Amino acid sequence: MTEERKSVAAAAGIDPRLLEILVCPLTKTVLRYDAERNELVSLAARLAYPIRDGIPIMLPEEARRLEDDAA
Amino acid sequence: MTSEVADAHDRAIQDQFTRQATGFARAQELHADDVVALVVEAARPQPGDRAIDLACGPGSVACALAKRARHVTGLDATAAMLEKARDLAAREGLANVDWRAGDIYRTPFADNCFDVVTCRFAFHHLETPAAAFAEMVRIAAPGARIVLCDAFASDDPQKAAALNAMDRIRDPSTVGYWTLPYLRGLFEASGLGAPLVQRFDVSYLATDFVAKSFPLNDDRAGLLAIIEASVDGDTMDSGAHWTPEGVRFSFRSAALSAVKPG
């Protein structure tokens, strides 16, 4: 994880060490934290997982499907 | 631990819980704490460990682990449960625990990343427990302790079917309790070897059990009648018997644990 990504995650109250082990439940690939939307983005699955009240909702059925231009 | 020592340990735990179950007949919360303590003891969390409790519900096991481990994650499919879990962590002043909504079959974690993996009272809700257990093993690091705790059904198929039929009326989300040999087999089939098995009984007065339930069609009287009818011949293999207060019966339960090979 880059230092930049860590600081962004920490600022949002997401423990950066835990983002290291958190992966997309479908593809098991790393997630990118989108601070603006407060989502965890899986480019591989084309899904954005919401963070509600500080709890990442890592359920594909609850995730937002990425549009082609939103990745 | 040799099997002889393990057996003696099993008996000690069983004796302990049987005595406590008697003492705590009217205090189910205390009883629930005993089960949490047993799961934590089986998990042997170390100060540097990263632990996870799967299907964590309101967070009691995760919070208990957090008092002994470096960090704990609780995973549950139900966000409302995780809010309760977070409240519990806040009440207990725990800063080293966090929560993820997720599916036990498809957890959002990398391979080999936890030193302790626990799951309590969830496998009877699962259609394909072997897949969930494989996921527990996948996210466990080499050398990690894996603890699976649940009630189990009789080896007698008829008695198992009777217990499961009763429990599906009590809670329609119950799939069925698995037998102890089946649960052991999950460990053996995953290359973990024979697990250490700590047995205990979760004992209920049938009237208390029924009062706390949300049975099918709200038929509490029907549920109570089923439990009372099981006394003759112990048809659910639950040790059901009459006492002056009514029928008392138990969910035979076990915490199975093993170390993932390095």
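Just so it is clear, the model here is predicted, and its values are computed rather than measured. (Residues numbered from 1 in each chain as written. Chains lettered and ligands numbered in written order. Predicted model: local features only at pLDDT ≥ 70, side-chain atom pairs only at ≥ 80, totals over all residues. Heavy atoms only, no water.)

Q: Explain the overall build of chain B to me, please; I cannot follow it from the model alone.
A: The secondary structure content of chain B amounts to nine helices and eight strands. When burial is assessed residue by residue, chain B has 53% of its 262 residues classed as buried. Of all intrachain contacts in chain B linking residues separated by at least 6 positions in sequence, the fraction that spans at least 24 positions is 72%. Element-wise, carbon and sulfur atoms account for 55% of the exposed surface of chain B, whose accessible area totals about 11,200 Å². (Helix = DSSP H or I, 4+ residues; strand = E, 2+ residues; numbered from the N terminus. Buried < 20%, exposed > 50% of the residue type's maximum accessible area, 1.4 Å probe, protein only. Contact = heavy atoms within 4.5 Å. Areas by Shrake-Rupley, 256 points an atom, 1.4 Å probe, with all protein chains shown as cover.)

Q: Please clarify how the packing of aromatic side chains should be interpreted in this entry.
A: Residue and element names in this part refer to chain B. This model, assessed by the stated rule, comprises ten aromatic pairs over all chains. Seen in terms of ring centroids, Phe 133 and Phe 187 are 4.6 Å apart; in terms of plane orientation they differ by 55°. Their pairing is tilted. With a gap of 54 residues between them, Phe 133 in helix α5 (residues 129-139) and Phe 187 in helix α7 (residues 180-189) connect regions that are remote in the sequence. Here Phe 133 and Phe 187 have matching classes, each one buried. Arranged with centres 5.7 Å apart and planes meeting at 45°, the rings of Phe 209 and Phe 251 form a pair that is tilted. Of the two residues, Phe 209 is situated in helix α8 (residues 206-211) and Phe 251 in strand β8 (residues 246-259); the sequence distance between them amounts to 42 residues. (Phe/Tyr/Trp six-rings, centres within 6.5 Å; stacked < 30°, edge-to-face > 60°.)

Q: Please explain the interface of chain A and chain B as it appears in this structure.
A: The parts lose accessible area when they come together, and the size of an interface is often stated as this lost area. Facing the 18 residues of chain A at the interface are 23 residues of chain B. Across the chain A to chain B interface the summed buried area is about 1,700 Å²; carbon plus sulfur atoms make up 60%. Scanning the region where chain A abuts chain B turns up one salt bridge. Among the salt bridges present, the one from Lys 28 of chain A reaches Glu 135 of chain B, with a minimum N-O distance of 3.5 Å. (Buried area = accessible area lost by both parts, 1.4 Å probe. Salt bridge = Lys/Arg side-chain N within 4 Å of Asp/Glu carboxyl O.)

Q: Would you explain the pairing of strand β3 (residues 47-52) of chain A in this entry?
A: Two faces, one strand: in a regular strand the side chains alternate between the faces of the sheet. Residues and elements named next belong to chain A. Within β3, five of the six residues are buried, leaving the element largely enclosed by the surrounding structure. One ladder, built from four bridges, connects strand β2 (residues 39-42) with β3; its direction is antiparallel. Residue Val 41 lies in a different strand from β3, and its bridge partner there is Ala 48. What sits between β2 and β3 in their antiparallel hairpin is a turn of four residues, with Arg 46 showing a positive phi close to 60°. Where β3 hands over to strand β4 (residues 55-56), the hairpin turn is made up of two residues, of which Asp 53 adopts a positive phi near 50°. (Pairing = 2+ DSSP bridges.)

Q: Before we go on, may I ask you to explain the pattern of salt bridges in this structure?
A: Pairs may arise between side chains of opposite charge once their charged atoms sit close together. Residues and elements named next belong to chain B. Tallied over the full model, the rule gives 13 salt bridges over all chains. Its salt-bridge partner being Arg 100, residue Asp 98 comes within 3.5 Å of it at the nearest N-O pair. For Arg 100, a relative accessible area of 4% translates into the label buried. Among the ionic pairs, Asp 111 bridges to Arg 138, the shortest N-O distance being 2.6 Å.

Q: I would appreciate a short explanation of the side chain of Ser 253 of chain B in the present structure.
A: Residue and element names in this part refer to chain B. By the secondary structure assignment, Ser 253 is in strand β8. According to the relative accessible area criterion, Ser 253 is buried, its value standing at 1%. Only 3.0 Å separates the side chain of Ser 253 from the backbone oxygen of Phe 251, close enough to count as a polar contact. Not counting residues within four places of it along the chain, the set of residues in contact with Ser 253 comprises Phe 121, Asp 150, Ala 151, Phe 152, Gln 198, Arg 199, Phe 200 and Val 202. (Polar contact = N/O pair within 3.5 Å; in protein donor to acceptor, adjacent residues only side chain to side chain.)

Q: What is the right way to look at helix α6 (residues 157-170) of chain B in this model?
A: Owing to its 3.6 residues per turn, the α-helix aligns residues three or four sequence positions apart on the same side. Residue and element names in this part refer to chain B. The end-to-end C-alpha separation of α6 is 20 Å, in line with the 20 Å expected for 14 residues at 1.5 Å each. Listing the buried residues of α6 in full gives Ala 160, Leu 163, Asn 164, Met 166, Asp 167 and Arg 170. Down the axis of α6, the sector holding all buried residues measures 160°, keeping them to one side. Structural note: α6 exposes Pro 157 and Gln 158 on the side pointing more than 90 degrees away from its buried face. (Expected span 1.5 Å × (residues − 1). Arc of directions from axis to C-beta.)

Q: Is there a simple way to explain the packing of α6 of chain B against helix α9 (residues 220-229) of chain B in this structure?
A: How two helices pack is summed up by the angle between their axes together with the distance between the axes. All names here are of chain B. Two elements in contact, α6 and α9, have axes separated by 10 Å at closest approach and are oriented at 160°. Taken together, the axes of α6 and α9 are roughly antiparallel relative to one another. The handedness of the crossing between α6 and α9 comes out as left-handed. Between α6 and α9, the contacting residues are Met 166, Ile 169 and Arg 170 on the first element and Leu 223, Ile 226 and Ile 227 on the second. Per-class residue counts for the contact of α6 with α9 are five nonpolar, no polar and one charged. (Axes fitted to C-alpha atoms, helices over the stretch in contact; angles between N-to-C directions. Parallel < 35°, antiparallel > 145°, perpendicular 65-115°, else oblique. Left-handed = near helix turned anticlockwise from the far one by under 90°. Nonpolar A, V, L, I, M, F, W, Y, C, P; charged D, E, K, R; others polar.)

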